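A structural walkthrough
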Amino acid sequence: MQARQSLESHLDNWAVDDPRRVAIADTLKAVAFAATALSELIGRGPLAGSLAAEVGGNAGGDVQKLLDVRADELFADAFRTAPVAIVCSEECDQAVAINDGAPLGVAIDPLDGSSNIDTNVSIGTIVSVFPAPADGMSLPQGREQLAACFVIYGPQTAMVFTVGDGTHAATLDRAAGRFIVTATKIQIPRGRREYAINASNYRFWDPAVQAYIDDCIAGAEGPRGENFNMRWIASLVAETYRVLQRGGIFLYPRDARPGYQEGRLRLVYEANPIAFIVEQAGGAATDGIDRIMTIQPRSVHQRTPLVFGSSDKVENVVRYHTEPPATGEHSPLFGRRGLFRV
């Protein structure tokens, strides 16, 4: 059996001697270095202290846990050794300048799913890499990303990444303390009958989302003509990893609750990198109307609805928002504006 390649070797072979590629590779190596240390800390659970203890609030108004802070510190230290000029973190109010003149910018959610810290459910890190803005301030659209990755800390610690040449995965060899590439050119399966959404918020959704889910629930007897299973882990990295492996669709729509009218996930350091990874795996990502990676960010912590998964299912959701339905019982619902229209 052919020996597996380390993440470092994979990135070096891709970068060769191209200066920009070398910078991207070095930045992803920095992510892997910090993620290895964070994985060990998470694996210790309560033996490492009260990692789920609340220590304040972050820039986005979410409760900040001790592990959020520790994760942010680990990645901030790692990026200081990489060719990174600015870091936009969920845990900081504004972008932080670190290496003047460096070619890259990074946006990061250091610890996605922190509400799951003390429940032993998979949590993760999400990273977007983009050209350092000339003015040091402006944020690029998602389609300008140079690389993206997420790390999932679960039974396995895995890093899923793209540098624009497909979506790949590396698994942490805990004994060796390094990531080994275990999958390349991942493709999201089409035709799978799974959807992930927090159904407890049904009453707050726009009618377009209600209609889509109603048709899934109706199963073989409904207009979709097939039965569906629902999944909901409440961890974005875990949901994404499952979709990459099994197909289906994930929906986190905006809804009528206070604080959710513009969606809940962050565009710059959650939706954009996930969209890049998903698209490179043959899938699609939208806010219900527009492709996620064409939305111009207005601020570091801007929120957005997010729907992603196999392209056939995502396209179907867009049709529920933009076209009259084929079934008469849903027609009145589409006389109103769609969920993600401003």
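In this report, we go over the structure that sits alongside the text. (Residues numbered from 1 in each chain as written. Predicted model: local features only at pLDDT ≥ 70, side-chain atom pairs only at ≥ 80, totals over all residues. Heavy atoms only, no water.)

**Details of the side chain of Gln-302**
Note that Gln-302 resides in the loop between strand S15 (283-286) and strand S16 (303-304). Leave out the neighbours within four places in its chain, and Gln-302 touches Leu-265, Arg-266, Leu-267, Ile-295, Gln-296 and Pro-297. (Helix = DSSP H or I, 4+ residues; strand = E, 2+ residues; numbered from the N terminus. Contact = heavy atoms within 4.5 Å.)

**Here's the deal with the pairing of strand S6 (residues 123-131)**
Two faces belong to every sheet, and in a regular strand the side chains alternate between them. Of all 9 residues making up S6, 8 are buried, and the element is well covered by its neighbours. Note that strand S5 (residues 104-112) and S6 share 7 bridges and pair antiparallel. Directly across from Gly-105, in S6, lies its bridge partner Phe-130. (Buried < 20%, exposed > 50% of the residue type's maximum accessible area, 1.4 Å probe, protein only. Pairing = 2+ DSSP bridges.)

**Thoughts on the packing of helix H1 (residues 7-15) against helix H2 (residues 19-44)**
Relative orientation of the contacting elements H1 and H2 amounts to 170 degrees, with a least axis distance of 9 Å. Put simply, H1 runs roughly antiparallel to H2. The way H1 lies across H2 gives a crossing that is right-handed. In this structure, H1 uses Leu-7, Glu-8, Leu-11, Asp-12, Trp-14 and Ala-15 to contact H2, whose residues at the interface are Arg-21, Val-22, Ile-24, Ala-25, Leu-28, Lys-29 and Ala-32. (Axes fitted to C-alpha atoms, helices over the stretch in contact; angles between N-to-C directions. Parallel < 35°, antiparallel > 145°, perpendicular 65-115°, else oblique. Left-handed = near helix turned anticlockwise from the far one by under 90°.)

**Observations regarding the nonpolar core**
Of all hydrophobic cores here, the largest spans 45 residues; its most connected members are Leu-38, Leu-67, Phe-75, Phe-79 and Met-159. In terms of residues, this core owes the most to one element, H2, which gives 12 residues. Apart from the residues lying within four places of it in its own chain, the contact partners of Leu-38 are Leu-67, Ala-71, Leu-74, Phe-75, Pro-110, Leu-111, Thr-125 and Tyr-153. Formed by 33 residues, the second largest nonpolar core is a distinct cluster that contains Ile-152, Val-160, Phe-250 and Tyr-252. (Core = buried A, V, L, I, M, F, W, Y, C linked by side-chain atoms within 4.5 Å.)

**Here we look at the packing of aromatic side chains**
The description of an aromatic ring pair rests on the distance of the ring centres and on the angle between the ring planes. Tallied over the full model, the rule gives 7 aromatic pairs. The interplanar angle of 35 degrees and the centroid separation of 6.4 Å between the aromatic rings of Phe-75 and Phe-79 together place this pair among those described as tilted. One end of the pair, Phe-75, and the other, Phe-79, are both in helix H3 (residues 66-79), 4 residues apart, so they sit about a helical turn from each other. The class for Phe-79 is buried, based on a relative accessible area of 0%. Here the aromatic residues Trp-232, Phe-250, Tyr-252 and Phe-308 are joined through ring pairs into a cluster of three or more. Over the ring of Tyr-260 we find Arg-264; its NZ or CZ atom is 4.7 Å from the centre of that ring. (Phe/Tyr/Trp six-rings, centres within 6.5 Å; stacked < 30°, edge-to-face > 60°. Lys NZ or Arg CZ within 6 Å of the ring centre and 35° of its normal.)

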